[in-house]
Amino acid sequence: LIPTTTAAVTRNGDRISKNGVNNLIGQTEGSILVDIDLKKNDASSIITIDNGTTGNFLTIFRNSSNRLQFETRRDATSTITLIVSNALSFSRHKILFNYKNGDYSFFIDGVKIGNSSNSTNFPNAQFSSIYLSYPNAYGVINDSYRLVSLWKRQLTDTEAINLTTL
(Lines give C-alpha, C1' and ligand atoms only; values in the text may rest on other atoms or scores of the structure.)
Protein backbone atom coordinates (compact mmCIF):
# COMPACT_ATOMS: atom_id res chain seq x y z
CA LEU A 1 0.00 0.00 0.00
CA ILE A 2 1.41 3.40 -0.95
CA PRO A 3 0.46 6.25 1.38
CA THR A 4 -0.91 9.00 -0.84
CA THR A 5 0.24 11.57 1.70
CA THR A 6 3.80 11.11 0.45
CA ALA A 7 3.08 11.03 -3.28
CA ALA A 8 3.51 14.02 -5.56
CA VAL A 9 0.49 15.38 -7.43
CA THR A 10 1.34 17.38 -10.50
CA ARG A 11 -1.00 19.74 -12.34
CA ASN A 12 -1.68 20.40 -15.35
CA GLY A 13 -1.52 16.68 -16.10
CA ASP A 14 -3.19 15.43 -12.93
CA ARG A 15 -0.87 12.55 -12.19
CA ILE A 16 0.19 11.03 -8.91
CA SER A 17 3.65 9.55 -8.75
CA LYS A 18 6.14 8.15 -6.31
CA ASN A 19 9.77 7.63 -7.29
CA GLY A 20 12.57 5.74 -5.56
CA VAL A 21 10.30 2.97 -4.30
CA ASN A 22 12.09 -0.01 -5.81
CA ASN A 23 11.96 -1.71 -2.39
CA LEU A 24 8.13 -1.76 -2.63
CA ILE A 25 7.92 -3.20 -6.15
CA GLY A 26 8.50 -6.83 -7.09
CA GLN A 27 11.32 -6.75 -9.59
CA THR A 28 10.79 -10.11 -11.30
CA GLU A 29 7.38 -10.99 -9.92
CA GLY A 30 4.52 -9.28 -8.17
CA SER A 31 0.89 -8.27 -8.13
CA ILE A 32 -0.80 -4.92 -8.62
CA LEU A 33 -4.32 -4.29 -7.26
CA VAL A 34 -6.37 -1.21 -8.14
CA ASP A 35 -9.85 -0.54 -6.73
CA ILE A 36 -11.27 2.21 -8.94
CA ASP A 37 -14.48 3.95 -9.97
CA LEU A 38 -14.43 4.43 -13.74
CA LYS A 39 -16.04 7.78 -14.47
CA LYS A 40 -15.46 8.76 -18.07
CA ASN A 41 -14.94 6.99 -21.38
CA ASP A 42 -11.48 8.25 -22.10
CA ALA A 43 -8.22 6.57 -23.00
CA SER A 44 -6.03 6.72 -19.92
CA SER A 45 -3.41 4.88 -17.97
CA ILE A 46 -4.74 3.39 -14.72
CA ILE A 47 -1.40 2.51 -13.11
CA THR A 48 2.16 2.12 -14.34
CA ILE A 49 5.34 0.89 -12.70
CA ASP A 50 8.62 1.59 -14.45
CA ASN A 51 12.32 2.22 -14.01
CA GLY A 52 12.11 5.98 -14.56
CA THR A 53 12.28 5.61 -18.34
CA THR A 54 10.00 4.25 -21.02
CA GLY A 55 12.41 1.33 -21.49
CA ASN A 56 10.94 -1.03 -18.90
CA PHE A 57 7.37 -0.81 -17.69
CA LEU A 58 4.20 -2.63 -16.76
CA THR A 59 0.93 -0.73 -17.19
CA ILE A 60 -2.82 -1.19 -16.93
CA PHE A 61 -4.30 1.05 -19.60
CA ARG A 62 -7.90 1.90 -20.52
CA ASN A 63 -8.44 2.38 -24.24
CA SER A 64 -11.04 4.57 -25.93
CA SER A 65 -13.47 1.60 -26.12
CA ASN A 66 -13.42 1.40 -22.29
CA ARG A 67 -11.50 -1.88 -22.35
CA LEU A 68 -8.63 -2.50 -19.97
CA GLN A 69 -5.41 -3.82 -21.36
CA PHE A 70 -2.18 -4.84 -19.78
CA GLU A 71 0.92 -3.72 -21.60
CA THR A 72 4.59 -4.34 -21.01
CA ARG A 73 7.85 -3.13 -22.45
CA ARG A 74 11.36 -4.39 -21.79
CA ASP A 75 14.66 -2.81 -22.77
CA ALA A 76 13.04 -0.08 -24.89
CA THR A 77 11.68 -2.57 -27.41
CA SER A 78 8.16 -2.37 -28.73
CA THR A 79 5.20 -2.42 -26.37
CA ILE A 80 3.44 -5.78 -26.06
CA THR A 81 -0.27 -5.86 -25.25
CA LEU A 82 -0.76 -9.09 -23.32
CA ILE A 83 -4.38 -9.20 -22.20
CA VAL A 84 -7.44 -7.11 -23.12
CA SER A 85 -10.76 -7.11 -21.23
CA ASN A 86 -14.29 -6.67 -22.51
CA ALA A 87 -15.70 -3.15 -22.27
CA LEU A 88 -16.39 -2.14 -18.66
CA SER A 89 -19.27 -0.19 -17.18
CA PHE A 90 -18.78 3.22 -15.62
CA SER A 91 -18.81 1.99 -12.04
CA ARG A 92 -16.55 0.49 -9.41
CA HIS A 93 -14.09 -2.21 -10.47
CA LYS A 94 -11.34 -4.14 -8.72
CA ILE A 95 -8.48 -4.93 -11.05
CA LEU A 96 -5.48 -7.14 -10.31
CA PHE A 97 -2.51 -7.91 -12.51
CA ASN A 98 -0.04 -10.72 -11.73
CA TYR A 99 3.41 -10.92 -13.31
CA LYS A 100 6.26 -13.38 -12.92
CA ASN A 101 9.06 -13.72 -15.48
CA GLY A 102 6.89 -13.98 -18.56
CA ASP A 103 3.76 -15.43 -16.94
CA TYR A 104 0.93 -12.93 -16.60
CA SER A 105 -2.68 -13.05 -15.43
CA PHE A 106 -5.39 -10.42 -15.16
CA PHE A 107 -8.45 -10.34 -12.87
CA ILE A 108 -11.42 -7.99 -12.87
CA ASP A 109 -14.23 -8.09 -10.30
CA GLY A 110 -13.50 -11.60 -9.06
CA VAL A 111 -13.04 -13.17 -12.50
CA LYS A 112 -9.82 -14.24 -14.18
CA ILE A 113 -10.17 -12.68 -17.61
CA GLY A 114 -6.96 -13.93 -19.10
CA ASN A 115 -3.43 -15.13 -18.80
CA SER A 116 -0.45 -14.95 -21.08
CA SER A 117 2.93 -16.59 -21.32
CA ASN A 118 5.35 -14.32 -23.07
CA SER A 119 9.10 -14.16 -23.30
CA THR A 120 9.06 -10.63 -21.90
CA ASN A 121 10.57 -10.88 -18.45
CA PHE A 122 12.41 -8.31 -16.40
CA PRO A 123 15.82 -9.56 -15.30
CA ASN A 124 17.23 -6.02 -15.05
CA ALA A 125 14.08 -3.93 -14.84
CA GLN A 126 14.97 -2.00 -11.69
CA PHE A 127 11.37 -0.83 -11.27
CA SER A 128 11.54 2.27 -9.10
CA SER A 129 8.53 4.48 -9.92
CA ILE A 130 4.76 4.19 -9.61
CA TYR A 131 2.31 6.41 -11.49
CA LEU A 132 -1.43 6.68 -11.16
CA SER A 133 -1.99 8.05 -14.64
CA TYR A 134 1.18 7.86 -16.67
CA PRO A 135 2.85 11.12 -17.74
CA ASN A 136 2.06 10.98 -21.44
CA ALA A 137 -0.70 12.09 -23.79
CA TYR A 138 -3.17 9.95 -21.80
CA GLY A 139 -1.92 11.15 -18.42
CA VAL A 140 -5.08 12.72 -17.04
CA ILE A 141 -6.87 11.18 -14.06
CA ASN A 142 -10.54 10.87 -14.96
CA ASP A 143 -11.41 8.20 -12.43
CA SER A 144 -11.63 7.86 -8.64
CA TYR A 145 -9.08 5.60 -6.97
CA ARG A 146 -10.19 3.80 -3.80
CA LEU A 147 -7.11 1.65 -3.20
CA VAL A 148 -3.79 0.73 -4.80
CA SER A 149 -1.77 -2.20 -3.40
CA LEU A 150 1.44 -3.88 -4.50
CA TRP A 151 2.86 -7.28 -3.62
CA LYS A 152 6.42 -8.38 -4.25
CA ARG A 153 5.22 -11.87 -5.10
CA GLN A 154 2.72 -13.17 -7.60
CA LEU A 155 -0.56 -13.88 -5.81
CA THR A 156 -2.34 -17.17 -6.35
CA ASP A 157 -5.49 -17.26 -8.47
CA THR A 158 -7.55 -17.84 -5.31
CA GLU A 159 -6.01 -14.81 -3.57
CA ALA A 160 -6.55 -12.67 -6.68
CA ILE A 161 -10.19 -13.73 -7.02
CA ASN A 162 -10.86 -13.04 -3.33
CA LEU A 163 -9.21 -9.61 -3.49
CA THR A 164 -11.06 -8.52 -6.63
CA THR A 165 -14.53 -9.78 -5.74
CA LEU A 166 -16.86 -6.81 -5.22
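Description of the structure in this document. (Residues numbered from 1 in each chain as written. Predicted model: local features only at pLDDT ≥ 70, side-chain atom pairs only at ≥ 80, totals over all residues. Heavy atoms only, no water.)

Our focus in this paragraph is the overall build of the chain. For the chain, the count of helices and strands is one helix and twelve strands. When the helices and strands of the chain are placed in sequence order, the string is β-β-β-β-β-β-β-β-β-β-β-β-α. When the 166 residues of the chain are sorted by exposure, 48% land in the buried category. With an accessible surface of roughly 7800 Å², the chain has 46% of that area assigned to carbon and sulfur atoms. (Helix = DSSP H or I, 4+ residues; strand = E, 2+ residues; numbered from the N terminus. Buried < 20%, exposed > 50% of the residue type's maximum accessible area, 1.4 Å probe, protein only. Areas by Shrake-Rupley, 256 points an atom, 1.4 Å probe, with all protein chains shown as cover.)

With that settled, the discussion passes to the packing of aromatic side chains. The final tally for this structure, using the stated rule, is five aromatic pairs. Ring centres of F97 and Y104 lie 5.7 Å apart, and the angle between their planes is 25°; on these two criteria the pair is classed as stacked. Neither residue differs from the other here; F97 and Y104 are each classed as buried. For F97, a relative accessible area of 0% corresponds to the buried category. Members of the aromatic cluster, joined through ring pairs, are F70, F97, Y99, Y104 and F106. (Phe/Tyr/Trp six-rings, centres within 6.5 Å; stacked < 30°, edge-to-face > 60°.)

The next point concerns the nonpolar core. With 25 residues, the main nonpolar core has I25, I47, I49, I60 and Y99 as its most contacted residues. Contributions of two or more residues to this core are made by strand 3 (29–37), strand 4 (44–50), strand 5 (57–62), strand 6 (67–73), strand 8 (92–100), strand 9 (103–108), strand 11 (129–132) and strand 12 (144–151). Listed in part, the five residues of the second largest apolar core include L33, L96, F107 and A160. (Core = buried A, V, L, I, M, F, W, Y, C linked by side-chain atoms within 4.5 Å.)

So, about the pattern of salt bridges. Tallied over the entire structure, the rule returns four salt bridges. The salt bridge partner of D35 is R92, with a shortest N-O separation of 2.5 Å. Of this pair, D35 sits in strand 3 while R92 is found in strand 8, placing the two residues 57 residues apart along the sequence. Judged by its relative accessible area of 5%, D35 is buried. Here R92 falls in the partly exposed class, since its relative accessible area comes to 31%. (Salt bridge = Lys/Arg side-chain N within 4 Å of Asp/Glu carboxyl O.)

Negative phi characterises most residues that are not glycine, and trans characterises most peptide bonds. A positive phi is found at N66, a non-glycine position, where the angle reads about 60°. Inspection of the secondary structure assignment puts N66 in the loop between strand 5 and strand 6. Classification of N66 as buried rests on a relative accessible area of 3%. In this structure, D109 takes a positive phi of about 50° despite not being glycine. Along the chain, D109 falls in the loop between strand 9 and strand 10 (111–117). A relative accessible area of 24% means that D109 is categorised as partly exposed.

So, on to the pairing of strand 5. For a regular strand, side chains alternate in direction, first toward one face of the sheet and then toward the other. Burial analysis of strand 5 places six of its six residues in the buried class, the great majority of the element. What you see with strand 5 is no split at all: F57, T59 and F61 on one side and L58, I60 and R62 on the other are buried throughout. Bridge analysis of strand 4 against strand 5 gives six bridges, and the strand direction is antiparallel. In the sheet register, T48 faces strand 5, and the bridge partner there is T59. What sits between the antiparallel neighbours strand 5 and strand 6 is a turn of four residues, in which N66 has the positive phi angle 60°. (Pairing = 2+ DSSP bridges.)

Reading across from one edge, 10-9-8-3-12 is the order of the five strands in this open sheet, with antiparallel pairing throughout. The sheet is open, and its two borders are formed by strand 10 and strand 12, each paired with just one other strand. Taken over all neighbouring pairs, the strand axes of this sheet differ in orientation by 10° on average, direction set aside. Contacts from helix 1 (residues 157–164) reach strand 3, strand 8, strand 9, strand 10 and strand 12 within the one sheet, and its direction differs from that of strand 8 by about 160°. (Axes fitted to C-alpha atoms, helices over the stretch in contact; angles between N-to-C directions. Contact = heavy atoms within 4.5 Å.)

That's the geometry; what it means functionally is another story.
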